[in-house]
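Geometric and topological summary
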Amino acid sequence: MRKTLTVIAMSLSAAGLAAPAHAQLTGTLQKIKDSGALTVGHRESSVPFSYLDAQQKPVGYAMDLCAKVVDALKSELKMPNLKVNYQAVTSQNRIPLMQNGTIDLECGSTTNSVARQQQVGFSVAYFITSVRMGVRKDAGIKDIGDLDRKPVVTTTGTTSDQLIKQNEKGKTIDVRNIYGKDHADSFLMVESGRAAAFVMDDILLAGLIASSKNPSAFEIVGPSLRDEPYGVMVRKDDAPFKAIVDKTLIDLMKSGEAEKLYTKWFMNPIPPRNVNLNFPMSPALKAAFQNPTDKGVE
Amino acid sequence: MDYHWDWLFFFRETDDGLKYYDWILSGLGWTTLVSLASLAVALLLGSALGVMRTTPKRWLVGIGDAYVDVFRNVPLIVQLFMWFFVVPELVPEKLGLWMKQDLPYVVIAVVGLGLYTAARIAEQVKAGINSLSRGQRAAGLALGLTEWQTYRHVRLPMAYRIVLPALTSEAMNIFKNSAVTYAVGILELYFQYKQIIEKTSQVLEITIVVTLAYFTLAFVMNRVLAFIERRTRVPGLIVGGKGGN
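Residues numbered from 1 in each chain as written. Chains lettered and ligands numbered in written order. Predicted model: local features only at pLDDT ≥ 70, side-chain atom pairs only at ≥ 80, totals over all residues.

1. Overview of the overall build of chain A
Scanning chain A from terminus to terminus reveals 10 helices and 14 strands. The buried share among the 298 residues of chain A stands at 41%. Across chain A, the fraction of contacts at a sequence separation of at least 24, relative to all contacts at a separation of at least 6, is 77%. (Helix = DSSP H or I, 4+ residues; strand = E, 2+ residues; numbered from the N terminus. Buried ≥ 20, exposed ≤ 12 C-beta atoms within 10 Å, placed from the backbone. Contact = placed C-beta atoms within 7 Å.)

2. Points about the overall build of chain B
Counting secondary structure elements, chain B contains 9 helices and 0 strands. Reading chain B from its N end, one meets helices and strands in the order α-α-α-α-α-α-α-α-α. Seen through its principal axes, chain B has C-alpha atoms that stretch 70 × 55 × 30 Å. For chain B, buried positions account for 33% of its 245 residues. Look at the contacts in chain B between residues 6 or more apart in sequence, and 74% of them connect residues 24 or more apart.

3. Focus on the packing of helix 5 (residues 105-131) of chain B against helix 7 (residues 147-177) of chain B
Residue and element names in this part refer to chain B. Taken N-terminus to C-terminus, the directions of helix 5 and helix 7 make an angle of 150°; their axes are 8 Å apart at the nearest point. Relative to helix 7, helix 5 is oriented roughly antiparallel. Crossing of helix 5 over helix 7 shows right-handed handedness. For the pair formed by helix 5 and helix 7, the contact residues are Leu 113, Thr 117, Arg 120, Ile 121, Gln 124, Val 125, Ala 127, Gly 128, Ile 129 and Ser 131 on the first element and Arg 155, Ala 159, Tyr 160, Ile 162, Val 163, Ala 166, Leu 167, Glu 170, Ile 174 and Asn 177 on the second. A class-by-class count of the residues in the contact of helix 5 with helix 7 yields 12 nonpolar, 5 polar and 3 charged. (Axes fitted to C-alpha atoms, helices over the stretch in contact; angles between N-to-C directions. Parallel < 35°, antiparallel > 145°, perpendicular 65-115°, else oblique. Left-handed = near helix turned anticlockwise from the far one by under 90°. Nonpolar A, V, L, I, M, F, W, Y, C, P; charged D, E, K, R; others polar.)

4. What to know about the environment of Gly 256 of chain A
You can see Gly 256 of chain A is positioned in the loop between helix 8 (239-255) and helix 9 (257-266). As a C-alpha pair, Gly 256 of chain A and Ser 123 of chain A span 133 residues in sequence and 18 Å in three-dimensional space.

5. Re the confidence of the model for chain A
Scored by pLDDT, chain A comes out at a mean of 88, with 90% of its residues at no less than 70. Element-level mean pLDDT values for chain A span from 52 in helix 1 (residues 2-18) of chain A up to 97 in strand 6 (residues 105-107) of chain A. (pLDDT = per-residue confidence, 0-100.)

6. Observations regarding the interface of chain B and chain A
Listed by partner, the interface residues are 21 residues for chain B and 23 residues for chain A. For the side of chain B that touches chain A, the element with the most residues is helix 8 (residues 189-200) of chain B, which contributes 7 residues. For the side of chain B that touches chain A, the per-class residue count stands at 8 nonpolar, 6 polar and 7 charged.

7. With respect to the sheet that holds strand 4 (residues 58-59) of chain A
As summarised here, the arrangement of the 3 strands in space is 2-3-4 (chain A), forming an open sheet in which the pairing is antiparallel. This sheet does not close on itself; its edge strands, each paired only once, are strand 2 (45-46) and strand 4 of chain A. (Pairing = 2+ DSSP bridges.)

8. Structural notes on the packing of helix 1 (residues 20-52) of chain B against helix 5 of chain B
Residue and element names in this part refer to chain B. At a closest axis distance of 6 Å, the pairing of helix 1 and helix 5 adopts a crossing angle of 40°. Considering the angle they form, helix 1 stands oblique to helix 5. Between helix 1 and helix 5 the crossing geometry is right-handed. Taken together, the residues of the contact of helix 1 with helix 5 sort by class into 18 nonpolar, 6 polar and 1 charged.

Here it is in structure tokens:
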């Protein structure tokens, strides 16, 4: 009996001694080490960042970047067999699911904003989107000033009217705001002539135009009303995990690898319908690759 | 779960100079307007259709039945999209353009939600009328009332009392269903809910507040109709439980 107790006591203290070897791991890294698995949150239709292909597999520019992050985690944690789970998220549930631990990494098209930084953390920006206008070519709209007394659509959850008013040329104009349920809906409003312009992230406009019935009937016009950085979402105040994510992304940007991935997804035909977005890198994104930053937009 | 609670954000300023609670109040206003207007449309049309379906005239019954079949079997959001996106393309071009550019969206929302709910109310009114003994109509006709007068003075007053609890459910449903009208651009409560989540990311606070707001709206409707139910009760009529003896 005493012998058994001694063995137990010894193994307990051994366990206690062994613990410090893992002590430097905290937060998400600890969680991954303990569970042997990592859950990546992805979107279902954020083309070309994160969406489902014909086989219902999540693919995209952000998914490719995150695959590199996963590789880095495998070598960092010495876990070559790290299991990666995929969980689809929406713009409504992505933040709560990050906070309650359902997902560990969100690879989609999430704007890094100061308000969101109250809730979650963001990696350095891997894409910069500009809010511009998608119009029908036959509508004769070239600039903000042409929108006076015209119906302008945006998708619920964005504030194009404010952006238009803030823009200097827009100060003397009065637009009628209408709202679409989702991007496809808003685009349909422009297509059917209900709205004169769709004010939205240029990359989303490019995606909608590329996959429309007649892509040559539409164009993206006007100045950028606002630039927004997209970041990989991580948990808040989880510096060691964020450091690995950031380092991976920055290395990719410096080595030119990120630009290759960009070309693959933005300048070439992509699944599922082999549409080419033809969306060259913006000067803002080139600058962001030169000087990576995780600063959020106001 | 490391959620950053911040109940005071409701008092912070939005981009347009209002406070977030102003957005919620304005959403509440639109929700109430759309719901009550749709309820009025639904009650009028639903009653007419319900009566039509109980008349001896086969063609009136046929129209009423067809209406209920169509509008009750198609999802509400699909019906709204039909009115919003499809109908303007089917009518003459000039009228379509007017529908798209000049007709306020709230009209489409009220028509869509009203016509949808009318089918459900028609079903209940019909059930109420059919629950009455056939002798009621026969007695009315024997007294020299016309067919319509038997509805007006004999059958409808009783039928409405019988189906009032079911109509109460429908009136509560309309507040909840009105959330779908955000899909045709109505800036109602659910729209503001999505808008505020996107702006602030304070998902839990706003979800709690909006849930309570919908609950309150539906509950007030419930109380109002329960009051009407009590006030219109006819002692002796076997309706509403405690009424008769």
